[in-house]
Amino acid sequence: MNWNKWNRQTHRWLSIVFTATVAANFAIRAQGTPPDWVTYSPLPPLALLLFSGLYMFVLPYAVRWRGGRAESRADSQPGMRT
Ligand code: HEM
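Visitor: Could you give an account of the overall build of the protein chain, with specific residues and numbers?
Guide: In terms of regular secondary structure, the protein chain is built from 4 helices and 0 strands. Put simply, the protein chain has 82 residues, and 23% of those count as buried. Of all intrachain contacts in the protein chain linking residues separated by at least 6 positions in sequence, the fraction that spans at least 24 positions is 49%.

What follows is the structure in structure tokens.
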């Protein structure tokens, strides 16, 4: 598996982990004030989502800066290749 694909898969799974921590926050908060580690548990996956997301955002531009092939310019989404 190449790096771009790995990064996209990681972003996808992190989005599930992040959503689960947010849902857990709502669920636990219904019972009263949760401990701090529950409150802040969405932040680590969100931070990783930010970096993997920015990487995916920059990817098509980076290909162009580096003089990517015409094929990459036309459809312009090298990260989406399977
Ligand atoms: C924190 C900053 C984030 C940035 C900068 C970011 C950026 C991106 C980018 C650039 C893509 C690729 C879009 C494309 O295909 O062209 C993407 C895909 C995606 N993002 Fe994010 N994202 C962020 C956070 C999140 C969060 C919070 C979630 C959900 C909880 C999320 C869920 C997804 C999913 C499910 C995909 C599709 C991945 C796939 O192709 O399987 N992202 N994101």
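Visitor: Outline the coordination of the iron atom of the ligand, listing residues and values.
Guide: For the iron atom of the ligand, the protein supplies a single donor, His11 (NE2), at a distance of 2.0 Å. With respect to the element layout, His11 can be found in helix H1 (residues 3-29).

Visitor: Requested: an account of the environment of Ala23, with residues and values cited.
Guide: You can see Ala23 is positioned in helix H1. On the basis of relative accessibility, which here comes to 44%, the residue Ala23 falls in the partly exposed class. Placed 19 residues apart in sequence, Ala23 and Pro42 show a C-alpha to C-alpha distance of 9.6 Å.

Rules and cut-offs
Residues numbered from 1 in each chain as written. Predicted model: local features only at pLDDT ≥ 70, side-chain atom pairs only at ≥ 80, totals over all residues. Heavy atoms only, no water. Helix = DSSP H or I, 4+ residues; strand = E, 2+ residues; numbered from the N terminus. Buried < 20%, exposed > 50% of the residue type's maximum accessible area, 1.4 Å probe, protein only. Contact = heavy atoms within 4.5 Å. Donors = N, O, S within 2.8 Å, 3.2 Å for Na, K, Ca; no water.

Function cannot be read off these values alone, since they describe shape.
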